[in-house]
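Fold and contact review
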Amino acid sequence: LRPYQYHSSTSATGTSMPSSSTSAAPPPRREDIRKEGWAWKESLFLRQYRKRWLVLTCPPHPQPSRLLTFSKKQDYSARPTEDIDLRQCGTVKSADDLTNKPFSFTVQVPDRNFFLAVDNDADRNEWVAAIGRATTENRRVRSYSEEVEYQEQQARLAAARAAGD
């Protein structure tokens, strides 16, 4: 695997991150990949579904579990089309009723709901269960300083949303 460099990227919460940001994740390591496979992901602006290689990573603590999407199968040298920090994930669940698309599910983070679809019910259930496990395994009690930093980050995000409205 060749390492890639982020010049800038957009986080799962829609905020721009410079290349030096600690939030810019390196390519997934083979030993950290818990699940991978093809899925259809709804695009943010056009709301069209595009085929993406979906990768769930669960690295050792303290690195966060992530859900990554790529345009090509196992092309980890490329920058992911999405990089979702699962510490931010509030809910992962079936979404057929929301998308009118069979075998769909949603991964919800504070500023966005990601809608994905797979080929059958068993695959959907496996993805939902794996992402749910990764989300809960990655959570732990935050220290006081981590909690203060988290609250400040949430306040900045809320202010940015309010300024955009």
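Residues numbered from 1 in each chain as written. Predicted model: local features only at pLDDT ≥ 70, side-chain atom pairs only at ≥ 80, totals over all residues. Heavy atoms only, no water.

**Observations regarding the overall build of the protein**
From N to C terminus, the protein includes 3 helices and 9 strands. Along the protein, from the amino end to the carboxyl end, the secondary structure elements read β-β-β-β-β-β-β-α-β-β-α-α. For the protein, with 165 residues in total, the buried portion stands at 42%. Restricting the contact set of the protein to residue pairs at least 6 apart, pairs at least 24 apart contribute 45%. (Helix = DSSP H or I, 4+ residues; strand = E, 2+ residues; numbered from the N terminus. Buried < 20%, exposed > 50% of the residue type's maximum accessible area, 1.4 Å probe, protein only. Contact = heavy atoms within 4.5 Å.)

**A short note on the environment of leucine 54**
Within the secondary structure, leucine 54 sits in strand E4 (residues 49-57). Placed 15 residues apart in sequence, leucine 54 and alanine 39 show a C-alpha to C-alpha distance of 6.3 Å. Ignoring anything within four residues of it in the chain, the contact list for leucine 54 reads Lys35, Glu36, Gly37, Ala39, Leu67, Leu68, Thr69, Phe105, Leu116 and Trp127.

**With respect to the pairing of strand E5 (residues 66-70)**
With 5 of its 5 residues buried, E5 lies for the most part within the structure. On E5, burial covers both faces: Arg66, Leu68 and Phe70 on one face and Leu67 and Thr69 on the other are all buried. Where E4 lies against E5, 5 bridges are found, and the strand directions are antiparallel. From the neighbouring strand, tryptophan 53 faces E5, where its bridge partner is phenylalanine 70. Note that E5 and strand E6 (residues 82-85) share 4 bridges and pair antiparallel. Bridge pairing links arginine 66 to aspartate 85 in E6. (Pairing = 2+ DSSP bridges.)

**Looking at the nonpolar core**
By size, the foremost hydrophobic cluster in this structure holds 20 residues, and its most contacted members are Leu56, Leu67, Leu86, Phe105, Val107, Trp127 and Ile131. For this core, the secondary-structure elements that each account for two or more residues are E4, strand E8 (104-109), strand E9 (112-117) and helix H2 (121-138). Those residues in contact with isoleucine 131, other than ones at most four positions away along the chain, are Leu56, Leu67, Leu86, Val92, Phe105 and Val107. Ranked by size, the runner-up nonpolar core spans 6 residues in total, among them Ile33, Val55, Phe70 and Tyr76. (Core = buried A, V, L, I, M, F, W, Y, C linked by side-chain atoms within 4.5 Å.)

**Considering the packing of aromatic side chains**
If you walk through the whole model with that rule in mind, you get 2 aromatic pairs. Ring geometry for tryptophan 38 versus tryptophan 53: centroids 5.2 Å apart, planes at 75°, classification edge-to-face. Of this pair, tryptophan 38 sits in strand E3 (residues 33-42) while tryptophan 53 is found in strand E4, placing the two residues 15 residues apart along the sequence. According to the relative accessible area criterion, tryptophan 38 is partly exposed, its value standing at 35%. Residue classification places tryptophan 53 among the buried residues on the basis of a relative accessible area of 6%. Geometrically, the ring pair formed by phenylalanine 70 and tyrosine 76 is edge-to-face, given 5.2 Å between the ring centres and 70° between the ring planes. For the pair phenylalanine 70 and tyrosine 76, one class covers both residues: buried. (Phe/Tyr/Trp six-rings, centres within 6.5 Å; stacked < 30°, edge-to-face > 60°.)

**Details of the environment of leucine 68**
Relative to the assigned elements, leucine 68 resides in strand E5. The spacing of leucine 68 and arginine 79 is 11 residues in sequence and 9.5 Å in space, taken between C-alpha atoms.

**A short note on the pattern of salt bridges**
Close approach of charged atoms allows side chains with opposite charge to pair. Tallied over the full model, the rule gives 11 salt bridges. One connected set of salt bridges, linked through shared partners, spans Arg29, Glu31 and Asp32. (Salt bridge = Lys/Arg side-chain N within 4 Å of Asp/Glu carboxyl O.)

**Description of the confidence of the model for the protein**
Looking at the protein, pLDDT values average 81 and 79% of them are 70 or higher. Counting contacts from residues 1-23, a segment whose pLDDT is below 50, to residues more than four positions away or on other chains yields 45 contacts. (pLDDT = per-residue confidence, 0-100.)

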